[in-house]
Amino acid sequence: MGVFLKNRALTFIVLGLLGTVPLMMYWSGSDYLSLATKLVCFAIAATSLNLILGYGGMVSFGHAVFFGIGAYAVGIPSYHAVYGELDFIASSNGFFHIVLAVILSALFALITGAISLRTRGIHFIMITLAFSQMMFYFLLALDTYGGDDGLTIDERSQIPFISLDNPVHMFLLSFIILLGCLYLVNRIVNSRFGLVLQGAKDNEERMAAIGYNTFAYRLTAYVISGAMCGLAGALFANSESFIFPELIDWTRSGELIFMVILGGGGTTIGPVIGAAVFVVLEKVLSGFTIYWHLPFGIMLILAVLFGRTGIARWFERQKRPGQSNE
Amino acid sequence: MSDVILQIDNLAKSFGGVRATDNVCIDVKRNETHAIIGPNGAGKTTLISQLSGGLKPDSGRIIFNGQNITKLPVQKRCHLGLARSFQITSLVMSMSVLDNVALAVQAQDGHSFKFWKPARTLERLRAPAMEILRDAHLDDKADTIVSALSHGERRQIEIAVALATKPELLLLDEPMAGMGPSESVSMVETLKALNGKKSILLVEHDMDAVFALANRISVLVYGRIIATGTPQEIRENQDVRHAYLGDM
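What counts, and at which threshold
- Residues numbered from 1 in each chain as written.
- Chains lettered and ligands numbered in written order.
- Predicted model: local features only at pLDDT ≥ 70, side-chain atom pairs only at ≥ 80, totals over all residues.
- Axes fitted to C-alpha atoms, helices over the stretch in contact; angles between N-to-C directions.
- Helix = DSSP H or I, 4+ residues; strand = E, 2+ residues; numbered from the N terminus.
- Left-handed = near helix turned anticlockwise from the far one by under 90°.
- Contact = placed C-beta atoms within 7 Å.
- Nonpolar A, V, L, I, M, F, W, Y, C, P; charged D, E, K, R; others polar.
- Pairing = 2+ DSSP bridges.
- pLDDT = per-residue confidence, 0-100.
- Parallel < 35°, antiparallel > 145°, perpendicular 65-115°, else oblique.

K.L.:
I'd like a description of the packing of helix 3 (residues 64-83) of chain A against helix 4 (residues 94-116) of chain A, backed by residues and values.
P.N.:
Residues and elements named next belong to chain A. Where helix 3 meets helix 4, the axes come as close as 8 Å, and the angle between the chain directions of the two elements is 145°. Seen from above, helix 3 lies across helix 4 with right-handed handedness. Packed against helix 3, whose contacting residues are Val65, Phe66, Ile69, Gly70, Ala73, Val74 and Pro77, the element helix 4 presents Phe96, His97, Leu100, Ala101, Leu104, Ser105, Phe108 and Ala109 at the interface. Among the residues making up the contact of helix 3 with helix 4, the classes are represented as twelve nonpolar, three polar and no charged.

See below:
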């Protein structure tokens, strides 16, 4: 079973469009490139959530916390690189930012996951929500970094040979990282580890009875997922060059869940489609009316009601037995 | 190593005021099929759950292969060679039959923190799983999703999954439950083929199946073992006839 084997046509079409259309629009004069980069960042975050939600059955209602940690892991060192103080983390080195974002998110996932994964169902939802709100209020209280006003990033991450101030570079870097994350998740879910994860989603009792410590596998997936989401946040911070505590707010986590469910949890391309529909719809509707939340909400409800298994599965002719979908 | 593979020693478990397991002692000999019978509510499933690790006993010991496993969690007992099937079918419903068995093979093949190679192409997992399915005459169902199978087929696959963990002792909780007559016959055939090769502790309501399969039988009534013996002895035991079989 190779990677990108089933449903790969849809995967390639979606990624092909996503990789070319924003650039062509940019070069022909209409600038939606930063919107596309934002979309790609959310697609990475949704892909990371898909690993634990779509394949692992863990409904994390606090996943945006990793996104925020990644964003602040860029913003805080960059702030000190420009304005001094705290020399030990002051840096505008992009590799330092990314490593910091990934390590801090992974660490936060390890600690909170070790506690929250002892619970199931609604309790897991509530405890992940609680952890993310804790971080939300912590960032609100950080006056040095703007508190609830947020923090403008005056100097983006410095990476050799490319300039993140250039929107094309910024977009391409994010897009390539998205491709890498999709490939990684795809390898993981089809590996031994991935099958154990999916087995435990379906029947945890059975997996324990044949000898698996399901907790350890779930926690590992949670840490990988958190780290990946932190990476998305680091890219987002660079793209917007502005970060704020609301990045972590529970409504953000809800949006990520929505993207996964809408696009198709447990499929490779689903979260990307979900993120795209979400970001584009939000943009289009907010252009018509300031009350865009209402039609937006109604459309999302309809999409979930009538496309329960997600957009990515509309194009499947027939589900192949026992295979995870691409 | 002694010829007793599982020694249940004075096991007790209460729920509120009910003694569901009341100082139960049973020895299961190596490679025998030992059946536990008893009327509804006698505490058979409670007993099996304590053996597999799902429930903690209040007191008493469970000795498996000379090792005290009373306090070990489910997955550790499994690695020592204790496999159970569930009274209510428990399989990974969204996966294929072969996937289910291969996951059990994989569980015995070191840790599964392997993130890169596609597991469904690994011969070392697929080949042994396929062999188990062939032995159980289920190989034609290998690629079928479990949720698409009949109840009887799922029960057969449960046994296959349990066997794939290379157990020394199989705990079977009512394998015939809910089966039609022909399904029961084929399940009896499957289990008969294991007689003398695997140690089996069988909890079952179907008396025809029990008397066809068991080398020895223990009778559980209100959490207490009232008799243990060969099928012949149990048939002739007055207490059993009185308490359980109904004075026939």
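K.L.:
If you had to explain the interface of chain A and chain B to someone new, which residues and values would you point to?
P.N.:
By a frequent convention, interface size equals the accessible area lost on bringing the separate parts together. Listed by partner, the interface residues are 24 residues for chain A and 34 residues for chain B. Looking at the side of chain A that touches chain B, the elements that each hand over two or more residues are helix 6 (167-190), helix 7 (192-202), helix 8 (204-209) and helix 9 (214-240) of chain A. Here the element with the most residues in the side of chain A that touches chain B is helix 7 of chain A; it accounts for six residues. Residues belonging to the side of chain A that touches chain B are distributed by class as follows: eleven nonpolar, eight polar and five charged.

K.L.:
Which residues make up the pairing of strand 10 (residues 224-229) of chain B, and what values do they have?
P.N.:
All names here are of chain B. Pairing of strand 9 (residues 216-221) with strand 10, which is carried by five bridges, proceeds in the antiparallel orientation. Bridging across to strand 10, Leu220 finds its partner in Ile225. In this structure, the hairpin formed by strand 9 and strand 10 is closed by a connection of two residues, where Tyr222 is found at a positive phi of approximately 50°.

K.L.:
I'd like a description of the confidence of the model for chain B, backed by residues and values.
P.N.:
Close inspection of predicted coordinates is inappropriate in any region flagged by low pLDDT. Residue and element names in this part refer to chain B. In this model, chain B carries a mean pLDDT of 89, and residues with pLDDT of at least 70 account for 96%. The least confident element of chain B, judged by mean pLDDT, is helix 9 (residues 238-245) at 76; the most confident is helix 3 (residues 97-107) at 95. Reported confidence for the predicted complex is 0.83 by ipTM and 0.86 by pTM.

K.L.:
Got a sec to walk through the packing of helix 5 (residues 151-164) of chain B against helix 6 (residues 181-194) of chain B? Specific residues and values, please.
P.N.:
Residue and element names in this part refer to chain B. With their axes 10 Å apart at the nearest point, helix 5 and helix 6 run at an angle of 10° to one another. Overall, the two elements helix 5 and helix 6 adopt an arrangement that is roughly parallel. Contacts between helix 5 and helix 6 involve Gly152, Arg155, Gln156 and Ile159 from the former and Glu183, Met187 and Thr190 from the latter. For the contact of helix 5 with helix 6, a count of residues per class yields two nonpolar, three polar and two charged.

K.L.:
So, the sheet that holds strand 1 (residues 4-15) of chain B: which residues are in play, and what are the values?
P.N.:
All names here are of chain B. Strand order in the open sheet formed by four strands is 2-1-4-5, with antiparallel pairing between adjacent strands. The open sheet has two edge strands, strand 2 (18-29) and strand 5 (67-68), and neither has a second partner. Running at roughly 60° to strand 2, helix 1 (residues 44-52) makes contact with strand 1, strand 2 and strand 4 (59-64) of the sheet.

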